[in-house]
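# Coordinate inspection notes
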Amino acid sequence: MTQTDRQGTEVIRGWLAQRCGIHFPEHKLDQLRQRLAKVQREFGVSDLSDMAGQLDLADATALQLAVMHAASTNHTYFFRETDVLDHFRTRILPELAGRDEIRIWSAACAAGDEAYTIAILIAETLGPAALKRTQILGTDISSPVIAEAEEGSYALNRLDRVPAELVSRWFEPAGPGRKRVRRELRDVCTFRQMNLKTMPYPFKKSFQAVFCRNVLYYFERDDQIATLRALHEVTEQGGWLLTSVTENVREVCAPWHPVANGVFRKGGA
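All of the points below concern the structure found in this document. (Residues numbered from 1 in each chain as written. Predicted model: local features only at pLDDT ≥ 70, side-chain atom pairs only at ≥ 80, totals over all residues. Heavy atoms only, no water.)

### Overview of unusual backbone geometry
M199 connects to P200 through a cis peptide bond whose omega is -5 degrees. Relative to the helices and strands, P200 is located in the loop between β6 (189-193) and β7 (207-212). The omega angle of the peptide bond from A254 to P255 is 10 degrees, so this bond is cis rather than trans. Residue position: P255 is located in the loop between β8 (235-242) and β9 (257-260). Even without being a glycine, F79 presents a positive backbone phi close to 55 degrees. By the secondary structure assignment, F79 is in the loop between α4 (61-71) and α5 (82-96). Phi is positive for A108, close to 55 degrees, though the residue is something other than glycine. Relative to the assigned elements, A108 resides in the loop between β1 (102-107) and α6 (113-126). (Helix = DSSP H or I, 4+ residues; strand = E, 2+ residues; numbered from the N terminus.)

Listed below in structure tokens is the structure:
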């Protein structure tokens, strides 16, 4: 690797941390370079230093989005981390059963697997009629995965953890080796591109539950604190935050109250 590429990587690394809160430690810089190589080829950029120099140009929106998409981790699947989902199903959903409106935010939703998983859990736990009063917002910094989420079509291996009866009930054929989420679920899920570092969050109504999983551990401590506080602001009193069980945020989770591993509440248990 050339010195120019090393310097370019450091500049892009800093830009990602400042712009998106995505932090790449030293031992993952090779991974970052590999991801950026595809962007470099796509945009015909001579090297990573040249790419870094173009990021802040006035007409660099497409390049910026491509770099953010390459850097963000979009590996996800349906029914991920069932311990957290079981808490949502058995503890949180019964509290929402009598609500006139159920409002849930899936932040950093990637290609929509999590948002649709939430919709399935609501339909299965509270009955399909509950979908008519449910609004699920899915957001992600990457526009390509938001487009994928809106389409709602997935390769079969993404559904490996979905029980066969749920696949039959909530998915329909979508071509060879693919299934598409049924219209009833797609109608309750709205997807938007959004950067979690852009605060305050632009919501007029608060959420009863926010899923923010598998993203906070990419943030530096200060960004973790700021994000957790911003999520707290848009959650109603007594509402819930669900993170990944692998994200060690208990030390910075205030003002959230820890309830279980990966589960927090606004205003106490």
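Still to come is the rest of the account.
### Focus: the sheet that holds β8
A sheet is described by the order of its strands in space; here 7 strands give the open sequence β6-β2-β1-β7-β8-β10-β9, paired in mixed fashion. In the strand order of this sheet, the two ends are held by β6 and β9, each with one partner. The sheet shows a mean angle of 20 degrees between the axes of neighbouring strands, taken without regard to direction. Against the sheet, α5 contacts β1, β7, β8, β9 and β10 (263-265), and its axis sits at roughly 160 degrees relative to β8. (Pairing = 2+ DSSP bridges. Axes fitted to C-alpha atoms, helices over the stretch in contact; angles between N-to-C directions. Contact = heavy atoms within 4.5 Å.)

Shape is all these values report; function is a separate question.
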